[in-house]
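Fold and contact review
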Amino acid sequence: MNGINDIYKYNSVDVALYIVAYANKESVSINLTKTQKLLYIAYGAHLALNNDRLCNEHPQAWPYGPVFPTTRNKLLRTDLCGVRMEDSKLKDDKYLESLIKFVFMGFGKKTAGYLTAWSHLPNSPWDRTTHCSDFKWGVEIPDEYIRTYFLSLIRK
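The shown structure was predicted, so the numbers you read here are calculated from the model rather than taken from an experiment. (Residues numbered from 1 in each chain as written. Predicted model: local features only at pLDDT ≥ 70, side-chain atom pairs only at ≥ 80, totals over all residues. Heavy atoms only, no water.)

1. Thoughts on the pattern of salt bridges
Put simply, the rule reads: Here a salt bridge means any side-chain nitrogen of Lys or Arg lying within 4 Å of a carboxyl oxygen belonging to Asp or Glu. Think of it this way: any DSSP run of H or I at least four residues long counts as a helix, any run of E at least two long counts as a strand, and we number them from the N terminus.
In total, this model carries six salt bridges according to the counting rule given. A salt bridge links K101 to E97; the nearest nitrogen and oxygen atoms lie 3.6 Å apart. Note that K101 and E97 are positioned in helix α4 (residues 94–107) at a spacing of four residues, about one turn of the helix. It is possible to trace a salt-bridge network through shared partners that takes in K94, E97 and K101.

Shown next, in the form of C-alpha cells:
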C-alpha cells in the first residue's frame, strides 16, 4: 500500500455527523454534497499529515466527485439542520476538532458546487482515478493519490 498505514481511528458516519454539527454550530451552510466533500478534504489532510486513514471508509470516484457511499446512504434521509454538536459521539475529541477547524478555515464557506468542481481539477486524485485505463464508477480513489495531492496542498 505504498507505505500508508491501513489503520483508522474513526467511523466515517460519525466524522460526517461531526462535520455537519460543526457547520451548524458555526452557522455555515451545509448539505449532503458539501458534507461529502468536506469529509474527503478532512480524509486527505489527515492522510497527508499522519500517513494513515481518518476513517473506516475509503472515498470512491463518483460522477460528482469523491463520495463515501456508506456515509452518504446513512445521511441521505437525515435532517442535517437538526444535527447538533452536543449529540456527536466525537464532541470531546480534540484532534478531530482541530482537523475540522483546519478544513473549515480553507473550505467551510465554499459551496457544494465549488467543492465538487475543486475535486475535479486536473491531476486531482479524482481526476487521476477517472483517467485510469480500467476505470469504472465507484472504484476507490487510491490513498497514495490522495496523500500526495494533499501533501502538496498543505506545503503551499
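From this point, things continue past the structure.
2. Brief notes about the environment of I154
Applicable threshold: By definition, residues are in contact when any of their heavy atoms lie within 4.5 Å.
Summarising the element assignment, I154 is placed in helix α7 (residues 143–155). Between the C-alpha atom of I154 and that of P66, which follows or precedes it by 88 residues, the distance is 19 Å. Beyond its immediate sequence surroundings of up to four residues, I154 is in contact with A45, A48, L49 and F102.

3. Considering a nonpolar patch on the surface
Stated formally: The residues that make up patches have over 30% relative accessible area and no salt bridge, and they are joined within 9 Å when like-charged or within 5 Å when they are Val, Leu, Ile, Met, Phe, Trp or Tyr. Shrake-Rupley sampling with a 1.4 Å probe provides the accessible areas, and residues are treated as covered by the protein chains on show and by no other component.
A grouping of L49, F102, M105 and I154 is seen on the molecular surface, where their side chains present a nonpolar patch of about 430 Å² in accessible area. Tracing the backbone through its elements, the reader meets F102 in helix α4.

4. Comments concerning the packing of helix α1 (residues 12–25) against α4
Filter applied, for reference: Interaxial angles span 0 to 180 degrees and are taken between N-to-C directions of axes, which are lines fitted to C-alpha atoms, for helices over the stretch in contact. Geometric relationships in this document are graded by angle, where less than 35 degrees denotes roughly parallel, more than 145 denotes roughly antiparallel, 65 to 115 denotes roughly perpendicular, and other angles denote oblique. Each crossing is labelled by how the near helix is turned from the far one, with a counterclockwise turn of less than a right angle marking it left-handed and a clockwise turn marking it right-handed. Amino acids are sorted into nonpolar (Ala, Val, Leu, Ile, Met, Phe, Trp, Tyr, Cys and Pro), charged (Asp, Glu, Lys and Arg) and polar (every other residue, Gly among them).
Viewed as axis vectors pointing N to C, α1 and α4 meet at an angle of 60°, and their least axial separation amounts to 11 Å. Accordingly, the angle class assigned to the pair α1 and α4 is oblique. In the packing of α1 onto α4, the handedness of the crossing is right-handed. Listed contacts from α4 to V15, Y18, I19, Y22 and A23 of α1 are L96, E97, I100, K101 and F104. Residue composition of the contact of α1 with α4, grouped by class: eight nonpolar, no polar and two charged.

5. As for the packing of aromatic side chains
Here is the rule: To pair, rings of Phe, Tyr and Trp, with the six-membered ring standing in for Trp, must have centres within 6.5 Å; the planes then decide the type, stacked if under 30 degrees apart, edge-to-face if over 60, and tilted in the middle. Remark: exposure states derive from per-residue accessible area (1.4 Å probe, protein chains only) relative to the maximum for the residue type, with buried under 20%, exposed over 50%, and partly exposed in between. Note on criteria: charge over ring means Lys NZ or Arg CZ within 6 Å of the ring centre, with the direction from the centre no more than 35 degrees off the ring normal.
Under the definition given, this model contains nine aromatic pairs. Aromatic pair Y40 and F150: ring centres 5.6 Å apart, planes at 75°, arrangement edge-to-face. Linking Y40 in helix α2 (residues 32–50) with F150 in helix α7, this pair joins segments that are 110 residues apart in sequence. The two residues Y40 and F150 agree in class, both being buried. Taken together, Y40, F107, W118, Y149 and F150 form an aromatic cluster joined through their ring pairs. Over the ring of Y145 we find R128, and its NZ or CZ is 3.8 Å from the ring centre.

By themselves these figures say nothing about function.
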